[in-house]
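Residues per chain, in single letters:
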Amino acid sequence: MKTALKKGLSSGVIFGIVFVFLLLIGFINVGSGMIGDLLGNTKGLSNQDTLSVNNLLAVLAILGFFTGFIARRGQDESKWWVSFLGGLTAGLVSGSLAWLGIWLTGTLSVQGVDLQTYLPNMDPDDLNYLRFYSTPFAAANTYMIYFTVFSLAGSAVNWLLSIKAWFAKCVAGCKRGVSSWKKSSDIKGLFDNPWVMLVLFLVTAVVLYYLPLAWGSYWNYIMGTVAIYVLLGLGLNIIVGYSGQLVLGYVAFFAVGAYTFALLTAPEPHGIGLSLWLAAGASIVTSTLTGLLLGLPILNLRGDYLAIVTLGFGEIIRILIRSDLLTRITNGPKGVTNVGQPVWRGEVFSDVNYMHLLMLLVLVALFIAKRLKDSRTGRAWVAIREDETVAQATGVNTYRSKILALLLGAAFAGLAGAMFASRNQFTGPEDFTMMVSINVLCIVIVGGMGSLPGIVLGAFVLKGLPELLRELEDYRLLVFGALLVVMMIVRPEGLWPAGRVKFKKPSAAKIQEAATEVEP
């Protein structure tokens, strides 16, 4: 029982403090807006006296539920009343902190204190909404009741899930169903049939072809950005996920590729007018050479030292691009405009053409990354990642393997940079801040280090999802941090972790046969 009380108290304090923090930065109103969007209840989301409070009540219910659910987590106690006690403690503690926060801000607002002087998001109309258009005391009591009731509900659900008798039976039944479906000779034979696979391939190709036509320009831009970050994530995954080198200045290769393409195709400042496809190849080459120049002197470094050096390199490239010293070459802070675009059937690439091209490049990049992962070189990278000293002792040329990983990762970034500059018809130094490197690293970590499907999933989550939830734009860094913390707690290996190769244990007959062959 002590454990339940302790966990309930801990969970209540954490969720209560989180609620007060979200309240003070205005995120509770944003959450209500998101719930309204999902439920279609968007009428009068702000600054209207007739606003429905159902969205806000839904936010409170969700927070209260998770308070009780987390409070019950990790407990072996099977008695229902102990779970009830933990959930009740968590709900009362978090509800008390919420009560205090709402009562205090509501009272100050009613007395005419302008909280926006100190907290920019504490708009009087929003505070009125958070008080359910009633008195601070009545609103605070509502918060207390909701947190307590739904915390009990969360702990009850967690308790039900922990009853192994029926839950394990349900899980085992589902596993048997899936296993029998996989082993079904008809299903297995179906996927072994080359004609079936050909039909599936054609259907997928047709869907991928028509999707950009149906999306429209806005979604083509969003999905194009996701595709560019998939290319970047695949490149950094080779360096970080496969070979285990922590590189924080990956944006430098991206910038070199974009500027190479822009300077070779734009009318200003040099007016070279090189063929676009040759310029894309040049972008890949220059990024690769940049990786070689960086890697040769520093790849003997490990861990934090390598991360710091590469982080500095990324900043040096950005500062050089915008410096007065290189203004004649890079156009300085103004950037390069009117970057060249490919031509298809006599017309400049449209957003649909770019989307088709990016889809094709992503598929080719996935194929290359997959082949590299399964190759002898890929196994050498994995050995270095697991233990560089042991890998070196077993005959792996660690220095050469690490250089190769860095060069291939830089080449992917150069290609992504060329596509980025061409699609936007502009590139400037502010496109290549350190945040780009952090974004790509987040994609690799959140998706799953070393996992190709994880990279695609991570790019959709971190670059596509914020566009779906545009109201989170002001809280982007907050959501990034929260997502990474949750990931480290719930799924430290990533959303789609890389699988390990499983070797079957040889049968006794094979062992005996091998032993017989060895004997003289």
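Residues numbered from 1 in each chain as written. Predicted model: local features only at pLDDT ≥ 70, side-chain atom pairs only at ≥ 80, totals over all residues. Heavy atoms only, no water.

Description of the confidence of the model for the chain
Part 1 of the argument: The predicted model of the chain averages 82 in pLDDT, with 84% of residues at 70 or higher.
Part 2 of the argument: The secondary structure element of the chain with the lowest average pLDDT is helix H8 (residues 185-192), at 60, and the one with the highest is helix H11 (residues 251-265), at 93.
Part 3 of the argument: Contacts of residues 45-49 to residues separated by more than four positions or lying in other chains number eleven contacts, the stretch itself having pLDDT below 50. (pLDDT = per-residue confidence, 0-100. Helix = DSSP H or I, 4+ residues; strand = E, 2+ residues; numbered from the N terminus. Contact = heavy atoms within 4.5 Å.)

As for the packing of helix H1 (residues 2-24) against helix H4 (residues 80-110)
Part 1 of the argument: Contact geometry of H1 with H4 gives a least axis separation of 7 Å together with a crossing angle of 25°. Classified by the angle between their axes, H1 and H4 sit roughly parallel to one another. Remark: the crossing between H1 and H4 carries right-handed chirality.
Part 2 of the argument: Looking at the contact of H1 with H4, its residues break down into 17 nonpolar, nine polar and no charged. (Axes fitted to C-alpha atoms, helices over the stretch in contact; angles between N-to-C directions. Parallel < 35°, antiparallel > 145°, perpendicular 65-115°, else oblique. Left-handed = near helix turned anticlockwise from the far one by under 90°. Nonpolar A, V, L, I, M, F, W, Y, C, P; charged D, E, K, R; others polar.)

Details of a nonpolar patch on the surface
Part 1 of the argument: On the surface, Met1, Leu5, Trp80, Trp81 and Phe84 cluster together into a nonpolar patch covering about 540 Å² of accessible area.
Part 2 of the argument: Looking at the nonpolar patch, the element that brings in the most residues is H4, giving three residues.
Part 3 of the argument: For Phe84, the location among the structural elements is in helix H4.
Part 4 of the argument: With relative accessibility at 39%, the residue Phe84 sits in the partly exposed group. (Patch = residues over 30% accessible without salt bridge, like charges linked within 9 Å, V, L, I, M, F, W, Y side chains within 5 Å. Areas by Shrake-Rupley, 256 points an atom, 1.4 Å probe, with all protein chains shown as cover. Salt bridge = Lys/Arg side-chain N within 4 Å of Asp/Glu carboxyl O. Buried < 20%, exposed > 50% of the residue type's maximum accessible area, 1.4 Å probe, protein only.)

Topic: helix H13 (residues 303-322)
Part 1 of the argument: With 20 residues, H13 extends 30 Å from end C-alpha to end C-alpha; this agrees with the ideal 28 Å at 1.5 Å per step.
Part 2 of the argument: Of the residues making up H13, those classed as buried are Leu306, Ala307, Thr310, Phe313, Gly314, Ile317, Arg318 and Ile321. Buried residues of H13 fall within an arc of 130° about the axis and therefore sit on the same side. Opposite the buried face of H13, by more than 90 degrees, sit the exposed residues Asp304, Tyr305 and Ile308.
Part 3 of the argument: Where H13 is buried, its residues touch H11, helix H12 (276-298) and helix H14 (327-330). (Expected span 1.5 Å × (residues − 1). Arc of directions from axis to C-beta.)

Side note on the packing of helix H15 (residues 351-374) against helix H16 (residues 376-386)
Part 1 of the argument: Look at H15 against H16: their axes get within 4 Å of each other, and the N-to-C directions meet at 70°. Between H15 and H16, the angle is such that the two are roughly perpendicular. Across the interface between the two elements, Leu372, Lys373 and Asp374 from H15 touch Arg376, Thr377, Gly378, Arg379 and Trp381 from H16.
Part 2 of the argument: Classifying every residue of the contact of H15 with H16 by side-chain character gives two nonpolar, two polar and four charged.

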